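Examination of the molecular architecture
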Amino acid sequence: MTTKIAIMGATGRMGRTLIRHIHETEDCEVAGGVEAKGHALIGEDLGGLAGLKPLGVRVSDDPLEVIARADAIVDFTSPAASIEFAALAAQARIVHVIGTTGFSEGDEEKIKAAARHATIIKSGNMSLGVNLLKSLTQKVAATLGTDWDIEILEMHHRDKVDAPSGTALLLGEAAAEGRGVSLDDVRQSGRDGQTGARKKGDIGFAALRGGSVVGDHSVIFAAPKERIVLQHVAEDRGIFARGAVTAAQWGQGKGPGIFTMSDVLDL
């Protein structure tokens with residue numbers, strides 16, 4: 001059975017990568033692509049934008065029309081747009097794969113509401129490697145006591161707008177879960193000035209931005225005279241596209257609810 005997948009934010013770097021990957025994946029079809037009203041590339045062929053032969057599918061500014069002919073949508077856009085798409089996916093009873101990050105608590109509640117009717121697969125990172133890193137982080141945190149400090153370091157390209165990254169927060173949640181605590185209670189983001197000594201049990205975050213870095217993440221467990229460093233380096237956006245398309249296929253027939261890449265990968 002062919003899975004018809006539409007791409008939200010189809011003309012961006014991630015969108016074009018998704019177009020290529022969907023087109024090259026067996027039993028998948030590019031069903032459509034969406035951009036905001038007034039975008040300069042509305043009406044352009046998605047294949048041409050992605051460096052492929054024309055696919056006969058054009059960029060649209062009407063998400064409702066595109067979603068109506070799709071089995072799944074893949075969405076690496078913005079929180080405001082993702083909430084709108086989640087509501088439309090709920091109306092259509094289809095799969096919504098969300099790779100967007102930077103959601104507020106209110107946004108998360110709206111996504112939960114949409115998941116009463118849509119199959120929502122949401123993750124701060126869609127790659128197999130990162131989700132394995134998440135699993136390892138949880139296990140190491142559960143094994144080591146609070147004498148081991150946890151710091152999460154991430155670096156992304158200069159155009160990334162949120163910090164810490166969704167992946168860094170995903171790893172922080174895994175570490176907190178391993179310790180049996182809430183990340184909100186132990187999170188320490190961005191130190192500056194006379195901060196005093198590090199508080200025992202905190203999970204620290206540091207964010208670097210520059211160049212064209214796709215995504216580097218390190219989880220550092222530091223104790224007196226020794227450190228354990230778990231690291232993942234993303235060299236190409238194709239790893240995220242591959243995971244997102246796998247999730248869109250996996251979600252077919254699963255029914256409504258919120259799922260993660262750990263569900264998809266059976267970790």
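What comes next is a walk through the structure.

Here the focus is the overall build of the protein. A tally of helices and strands in the protein yields 10 helices and 12 strands. For 267 residues, the compact-globule formula gives about 18 Å, and the C-alpha radius of gyration of the protein, at 19 Å, lands near that figure. Viewed in the frame of its principal axes, the protein has a C-alpha envelope of about 60 × 40 × 30 Å. When each of the 267 residues of the protein is scored for burial, the buried share is 49%. Once local pairs closer than 6 in sequence are excluded, the contacts in the protein between residues at least 24 apart make up 68%. For the protein, the accessible area works out to roughly 12,900 Å², and carbon and sulfur atoms hold 49% of it.

If a strand is regular, its side chains alternate between the two faces of the sheet. Every second residue of strand β7 (residues 149-156) is oriented toward a common face, the buried set being I150, I152, E154 and H156 and the non-buried set D149, E151, L153 and M155. Across 7 bridges, β7 lies against strand β10 (residues 215-223) in antiparallel orientation. When the sheet's bridge partners are listed, E151 is paired in β10 with I220.

This part is about helix α4 (residues 79-92). Between its first and last C-alpha atoms α4 spans 20 Å; for 14 residues at 1.5 Å apiece the expected length is 20 Å, and the two agree. Regarding α4, the residues found buried are A81, S82, I83, F85, A86, L88, A89 and A90. Two residues or fewer after α4 comes R93, characterised by a positive phi angle close to 60 degrees.

Okay, the packing of helix α6 (residues 128-143) against helix α7 (residues 166-179) next. Contact geometry for α6 and α7: axes closest at 7 Å, N-to-C directions at 30 degrees. In terms of their interaxial angle, α6 and α7 are classed as roughly parallel. For the pair α6 and α7, the crossing hand works out as right-handed. The segment α6 lies against α7, with V130, L133, K134, T137, Q138, A141 and A142 engaging T167, L170, L171, A174, A175, E177, G178 and R179. For the contact of α6 with α7, the residue count by class is 8 nonpolar, 4 polar and 3 charged.

Counting residues in each nonpolar core, the largest one holds 31 residues, and the members touching the most others are I5, L18 and V97. Among the elements of the structure, β1 (3-8), α1 (13-24), β2 (28-34), α2 (46-49), β4 (72-75), β5 (95-98), α9 (238-250) and α10 (261-265) are those that each provide at least two residues to this core. No other element matches the 6 residues that α9 contributes to this core. Each residue touching I5, except ones within four places of it in the same chain, is listed here: I22, C28, E29, V30, A31, G32, A72, V74, V245 and A248. Formed by 22 residues, the second largest nonpolar core is a distinct cluster that contains V66, A81, I94 and F103.

How each quantity is defined
- Residue numbers run consecutively from 1 along every chain, following the written order of its sequence.
- Under the rules for a predicted model, residues below a pLDDT of 70 receive no local features and side-chain atom pairs below 80 are neither given nor counted, while totals for whole chains, interfaces and linings still include all residues.
- Side-chain measures here rest on the full set of heavy atoms in the structure, leaving out hydrogens and waters.
- Here a helix means four or more residues in a row that DSSP labels H or I, a strand means two or more in a row labelled E, and each is numbered from the N terminus.
- The globule rule is 2.2 Å times the number of residues to the power 0.38, and the radius of gyration it is compared with is taken over C-alpha atoms.
- The buried label applies to any residue whose accessible area, calculated with a 1.4 Å probe on protein chains only, is under 20% of its type's maximum; exposed applies above 50%, and partly exposed to all values in between.
- Two residues qualify as a contact provided that any one of their heavy atoms is within 4.5 Å of a heavy atom in the partner residue.
- Accessible surface is estimated by sampling points in the Shrake-Rupley manner with a 1.4 Å probe; for residues, cover comes only from the protein chains shown.
- Strands are labelled as partners when DSSP assigns at least two bridges between them.
- What a helix is expected to span follows from its residue count: subtract one and scale by 1.5 Å.
- For every element, the axis is a line fit to its C-alpha atoms; helices are fit only across the contacting stretch, and the angle between N-to-C directions ranges from 0 to 180 degrees.
- In these notes the angle categories are as follows: under 35 degrees is roughly parallel, over 145 is roughly antiparallel, 65 to 115 is roughly perpendicular, and the rest is oblique.
- Here a crossing is called left-handed whenever its near helix is offset anticlockwise from the far helix by less than a right angle, and right-handed whenever the offset is clockwise.
- Lys, Arg, Asp and Glu make up the charged group, whereas Ala, Val, Leu, Ile, Met, Phe, Trp, Tyr, Cys and Pro make up the nonpolar group; the residues left over, Gly among them, are polar.
- Among buried residues, those of type Ala, Val, Leu, Ile, Met, Phe, Trp, Tyr and Cys that are joined through side-chain atoms within 4.5 Å constitute a nonpolar core.

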